[in-house]
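# Chain and residue survey
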Amino acid sequence: MDYDVVIVGGGPGGLTAGLYTARGALKTLLLEKLLPGGQAATTHWIDNYPGFQEGVSGPQLMMAMKDQAMRFGLEIETDEAVDLEILKDGFSVVGQAGTYSAHAVIIASGATVAKLGVPGEEKLRGKGVSYCATCDGAFFRDEELVVIGGGDAAVEEGIFLTKFARKVHVVHRRNRLRAAKAIQERAFQNDRMDFIWDTVVEEITGEQFVEGVRLKNVKTGEISERPCKGVFIYVGNIPNSQFLKGKVEVNEKGYIITDNDMATSQKGVYACGDVRKKALRQVVTACGEGAAAAFSAQQFVEEKKGIAYK
Ligand code: NAP
């Protein structure tokens, strides 16, 4: 085997798992398709990760997690996992660039922002349509923006966008937000934020760049146009579990089912973070699950090696 453990995904779950297995003297490789940090690294400010009284910047926190894990010997490769092969005596994680064998595998591949699926979304992506306020917010100084969605991400990132935008209009399909109460309160107190309730976006309009959105009130059926320069879409996430192709049990939405010790239906394969079926998706829960997955993987690998060495 090339490694004791291969971890797929470099968000908070994967990096914490890597910290624990590397610190536990297991030869560990973490595969990350982009830059380590996951979705947390695209979050401007994280207010609910313990230990930071004033909150902490997402990129800063994730960079520290990566450096801390590497201090204990975690190896990180830039590669995207496309398959998981179950071998007689372990696993082979197949990437775009290479193949990596291991006694145990931890899936921490996270989730990707969902598309809204309306006309104009694909055509104007990067031309005013964005899924990342931290990346693109500064392009919209003093402009009118539309944020779509009513969850934590939409409202939190909407608040962040008010640093730049003249007005942020949050378009939500119901008349109540899904976001946590503490986030809602900050949004309702922000006079640069405005809520358009019971409304869906039917089309994002514009030729070269976003010029506006066509809205439909779902209660009255009334259609209206709202001019804006940017549209930020936060309508949920899709788990990055497609590459597992039936190798571990997932629910109807593709989230991996594990037990309390992060074990999947495949012995030797563990999962943690946003790719897991669970109720609470936070950096702190991903970290806790990463530690638990690492502990389970360590027990599995050491037991296996102990038997093999007899
Ligand atoms: P989410 O919690 O699933 O919310 C998605 C929102 O988009 C919901 O309000 C939903 O409306 C709306 N929506 C879904 N499909 C839609 C469609 N086709 N058209 C219009 N609206 C649509 O997703 P999220 O906000 O991206 O958060 C994902 C996870 O990360 C959550 O577990 C969240 O708690 C966590 N998170 C936490 C924080 C934080 O704690 N600071 C920050 C970001 C994310 P309905 O409400 O009507 O279903």
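The structure this text deals with has already been given above.
Scoring rules and cut-offs
- Residues numbered from 1 in each chain as written.
- Predicted model: local features only at pLDDT ≥ 70, side-chain atom pairs only at ≥ 80, totals over all residues.
- Heavy atoms only, no water.
- Pairing = 2+ DSSP bridges.
- Helix = DSSP H or I, 4+ residues; strand = E, 2+ residues; numbered from the N terminus.
- Contact = heavy atoms within 4.5 Å.
- Axes fitted to C-alpha atoms, helices over the stretch in contact; angles between N-to-C directions.
- Left-handed = near helix turned anticlockwise from the far one by under 90°.
- Nonpolar A, V, L, I, M, F, W, Y, C, P; charged D, E, K, R; others polar.
- Near = heavy atom within 4 Å.
- Polar contact = N/O pair within 3.5 Å; in protein donor to acceptor, adjacent residues only side chain to side chain.
- Areas by Shrake-Rupley, 256 points an atom, 1.4 Å probe, with all protein chains shown as cover.
- Domains from an automatic or database assignment.
- Buried < 20%, exposed > 50% of the residue type's maximum accessible area, 1.4 Å probe, protein only.
- Arc of directions from axis to C-beta.

## Digging into the sheet that holds strand β10 (residues 129–130)
Overall, parallel pairing links the five strands, which are arranged β10-β17-β11-β12-β13 in an open sheet. Sheet topology places β10 and β13 (193–196) at the edges, where each strand pairs with a single neighbour. Relative to strand β17 (residues 230–233), β10 runs parallel, the two being bridged by two bridges. Following the sheet pairing, Val129 is matched in β17 by Val231. Its contacts with the sheet put helix α4 (residues 152–161) on β11 (144–148), β12 (167–171), β13 and β17, and the angle it makes with β11 is roughly 170 degrees.

## Things to note about the packing of α4 against helix α5 (residues 181–188)
Taken N-terminus to C-terminus, the directions of α4 and α5 make an angle of 35 degrees; their axes are 10 Å apart at the nearest point. By crossing handedness, the relation of α4 to α5 is classed as left-handed. Contact with α4, carried on its side by Asp152, Val155, Glu156 and Ile159, involves Ile183, Arg186 and Ala187 of α5 and no other residues of that element. In terms of residue class, the contact of α4 with α5 is made up of four nonpolar, no polar and three charged.

## Things to note about the site of the ligand
Every one of the 19 residues lining the ligand counts as a neighbour, but Asp152, Glu156, Arg174, Arg178 and Gln282 are closest to it. Between the ligand and Asn48, the relevant distance is 3.2 Å, taken from an oxygen atom to a side-chain nitrogen or oxygen of the residue. Within the side chain of Arg174, one N or O atom sits 2.8 Å away from an oxygen atom of the ligand. Summarising the interface, the protein chains cover 75% of the accessible area of the ligand, which totals 910 Å² for the free molecule. Per-element accounting of the shell around the ligand gives the leading share, three residues, to α4. Split by residue class, the shell around the ligand holds five nonpolar, eight polar and six charged. Counting only domains with at least three residues in the shell around the ligand, you end up with domain 1 (3–113 + 237–304) and domain 2 (129–233).

## So, α5
For α5, the full list of buried residues reads Ile183, Gln184 and Ala187. In a view along the axis of α5, the buried residues occupy a sector of 100 degrees, so they form one face of it. Facing away from the buried side of α5 by over 90 degrees, the exposed positions are Lys181 and Ala182. The inward-facing, buried residues of α5 abut α4 and β13.

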